[in-house]
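# Coordinate analysis (summary)
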Amino acid sequence: INSVNFYIGNQNEGNGNRNMYFNHLTIEKGRYRSKVSGAWNNASTWQVSTDGGSTWSDANSAPSNASGPITILNTHEITVSSTITIDQTTINSGGKVILATGGGITVADGVDANDLIINGTYEMQATATTLTPTGTVFCGSGGTYIHNASGGSLPTATWNANSTLQIDQSIN
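In this report, the structure presented in the accompanying data block is examined. Computed from a predicted structure; not experimentally measured.

Turning our eyes to something else, we now look at the side chain of T121. Mapped onto the elements of the fold, T121 is located in strand β14 (residues 121-124). A relative accessible area of 19% means that T121 is categorised as buried. Contact partners of T121, with chain neighbours within four places excluded, come to I91, G95, K96, V97, T144 and I146.

Turning to the environment of S153, a few remarks are in order. Note on placement: S153 falls in the loop between β17 (144-147) and β18 (158-159). S153 sits 17 residues away from S170 along the chain, and the two C-alpha atoms are 9.0 Å apart. Excluding residues within four positions of it along the chain, S153 makes contact with Y145 and H147.

Time to look at the sheet that holds strand β3 (residues 31-34). Taken in spatial order, the eight strands make up an open sheet running β6-β5-β3-β7-β10-β13-β16-β18, and their pairing is mixed. Edge strands, defined here as strands with exactly one partner in the open sheet, are β6 (57-58) and β18.

So, about the sheet that holds strand β4 (residues 38-39). Across the sheet, which stays open at both edges, the six strands sit in the order β4-β8-β11-β14-β17-β19 with parallel pairing between neighbours. Unpaired on one side and paired on the other, β4 and β19 (164-167) mark the two borders of the sheet. In this structure, β17 lies alongside β19, joined through four bridges in parallel fashion. Bridged to Y145 within β19 is L165.

Summarising the sheet, strand β9 (residues 83-86) and strand β12 (residues 104-107) pair through four bridges and their orientation is parallel. Bridge pairing in β12 places I86 opposite V107. With four bridges joining them, β12 and strand β15 (residues 130-133) adopt parallel strand pairing. Bridge pairing links T106 to T132 in β15.

So, on to empty space enclosed by the protein. If you walk through the whole model with that rule in mind, you get one cavity of 30 Å³ or more. In this structure, the largest cavity encloses a volume near 50 Å³. W40, I84, I86, T89, I91, V97, I105, L116 and Y122 together form the lining of the largest cavity. Residue assignment for the lining of the largest cavity shows that the elements contributing at least two residues are β9 and β10 (89-91). For the lining of the largest cavity, a count of residues per class yields eight nonpolar, one polar and no charged.

Glancing now at the packing of aromatic side chains. Scanning the model with the defined rule gives three aromatic pairs in all. Ring centres of W40 and W46 lie 4.9 Å apart, and the angle between their planes is 65°; this geometry places the pair in the edge-to-face category. For W40, a relative accessible area of 3% corresponds to the buried category. Taking the relative accessible area as the measure of exposure, W46 reaches 0% and is therefore buried. Between Y145 and W159, the ring centres sit 5.9 Å apart and the planes meet at 90°, which makes this aromatic pair edge-to-face.

Another aspect to go through is the nonpolar core. Generally speaking, soluble globular proteins have nonpolar side chains that are buried together. Of all hydrophobic cores here, the largest spans 25 residues; its most connected members are W40, W46, V97, I105, L116, I118 and Y122. Beyond its immediate stretch of four places on either side in the chain, W40 contacts W46, A62, P63, I70, I72, I78, T79, V80, I84, I86 and T89.

What counts, and at which threshold
- Residues numbered from 1 in each chain as written.
- Predicted model: local features only at pLDDT ≥ 70, side-chain atom pairs only at ≥ 80, totals over all residues.
- Heavy atoms only, no water.
- Helix = DSSP H or I, 4+ residues; strand = E, 2+ residues; numbered from the N terminus.
- Buried < 20%, exposed > 50% of the residue type's maximum accessible area, 1.4 Å probe, protein only.
- Contact = heavy atoms within 4.5 Å.
- Pairing = 2+ DSSP bridges.
- 1 Å grid on protein atoms, 1.4 Å probe; cavity = no way out; pocket = protein on both sides within 12 Å on 5 of 7 lines; lining within 4 Å.
- Points joined across faces, edges and corners; volume = space filled by probe spheres on them.
- Nonpolar A, V, L, I, M, F, W, Y, C, P; charged D, E, K, R; others polar.
- Phe/Tyr/Trp six-rings, centres within 6.5 Å; stacked < 30°, edge-to-face > 60°.
- Core = buried A, V, L, I, M, F, W, Y, C linked by side-chain atoms within 4.5 Å.

Structure below.
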């Protein structure tokens, strides 16, 4: 649920009653950010905010495409070794996501123009892993995509002129 409509009081204003009507009440989805380097699916890797990012607390679960925005912070290295679906995800400059053996990332097509933004580093380390962009992937200025796996293919993405595509092993 992203928003709800509800009334307090009687909807019939003809009887002198005063009514309060909330036309659009937004319920904040949890914003996630990395707390430390670690495994994506480990809740202790993450912090969550439900007030738009003013205050943060330890997360009880790992983020997914059903979460609000997800941010990998500078100096944090997050390893994906299971299958996940993400949306509204940004890898900040200095941050890194590693797609390791057994991992798979589907980038969902959400409401944002870019569903995965790589301003830091994204590294594919194993051939059997996949990055499936059903949404849009953008490698920003200073962002680096490293293909460090034998075989596989590059994802469909938009590349900033100042981004880096580094191919360390062969691609199909």
